[in-house]
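Descriptive structure summary
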Amino acid sequence: MGRVNTALQELRGAQKSAKGVSLYSRFVNRPAGRYLAAGSYALGLTPNQVTLVSAAFSFAAVAAVALCAPSWALGTAVWAALAVGFAFDSADGQLARLRGGGSAAGEWLDHVVDAAKLTALHACVLIAFYRFPGEYGTTADGWLLVPLGFQFAAVVTFFGGLLTEKLKPKPAPGSPAAAPSTLRAVALLPVDYGVFCVVFLLLGGGRLFAWAYAGLGVVAVLFLLAFLAKWFRELSAVPR
């Protein structure tokens, strides 16, 4: 326990900026990841091993969505596995900072797993809508376009955000970090991955899940349009 407590103390002072982070990630996922990172440190795990643990939880949930008929028990299990996977996704970076910094290979692995998880999750919802149309109320063929549209918005947002951060000039060393905006943190909740995972608790509701999922998909598309305009405007001011 002493090793865990020491790690927790160090991690509290080594957190990333909360700028541009939703309330869920700031007050739920990151703190959960901090405890997981401290425990992983005590066990001697590497950041890459923690990334693979995150992938195991996430892809187990993804497979269950595609393979199992919807039920309330399934929804609870899927949500729990996705939430734990997301917390471990935060833990790997925190563990890397605790160990003195990560590697390019570790960052690459983390982003590849994130991209695969995001793509697979929406693909498996599509499979579920196709395999269990009666339970989800998705007998109309048009429903199969919903996960495809949601997947498109999620993947372009993920890639666009990463690329924007790479292309924007880095702040000068020692410059003060911008204070996080509570209003922005609340506004970002609908497109936070952790909030998105909550919709899977409704799997037992069948049609209720399908409509809630579709609603979040519409929100994701609207946010994508807003993000694209913002990122393009910011990068237009960067000299080539």
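Cut-offs applied
- Residues numbered from 1 in each chain as written.
- Predicted model: local features only at pLDDT ≥ 70, side-chain atom pairs only at ≥ 80, totals over all residues.
- Heavy atoms only, no water.
- Helix = DSSP H or I, 4+ residues; strand = E, 2+ residues; numbered from the N terminus.
- Buried < 20%, exposed > 50% of the residue type's maximum accessible area, 1.4 Å probe, protein only.
- Areas by Shrake-Rupley, 256 points an atom, 1.4 Å probe, with all protein chains shown as cover.
- Patch = residues over 30% accessible without salt bridge, like charges linked within 9 Å, V, L, I, M, F, W, Y side chains within 5 Å.
- Salt bridge = Lys/Arg side-chain N within 4 Å of Asp/Glu carboxyl O.

1. Thoughts on the overall build of the protein chain
- A count of helices and strands for the protein chain gives ten helices and zero strands.
- The helix and strand sequence of the protein chain, counted from the amino end, reads α-α-α-α-α-α-α-α-α-α.
- The buried share of the protein chain, reckoned over its 240 residues, is 39%.
- Here the protein chain displays about 12600 Å² of accessible surface, and carbon together with sulfur accounts for 70% of that area.

2. Observations regarding a nonpolar patch on the surface
- Residues Val218, Val221, Leu222, Leu225 and Leu228 make up a contiguous nonpolar surface patch of roughly 440 Å² in combined accessible area.
- For Leu225, the location among the structural elements is in helix H10 (residues 207–236).

3. Structural notes on the pattern of salt bridges
- Overall, the coordinates contain five salt bridges when judged by the stated rule.
- For Glu107, the salt bridge is made with Lys166, and the minimal N-O distance between the two is 3.5 Å. With Glu107 in helix H5 (residues 104–131) and Lys166 in helix H7 (residues 145–167), the pair connects residues that are 59 residues apart, well separated along the chain.
- For Lys168, the salt bridge is made with Glu234, and the minimal N-O distance between the two is 3.7 Å. Taken together, the residues Lys168 in the loop between H7 and helix H8 (182–187) and Glu234 in helix H10 connect sequence positions 66 residues apart.

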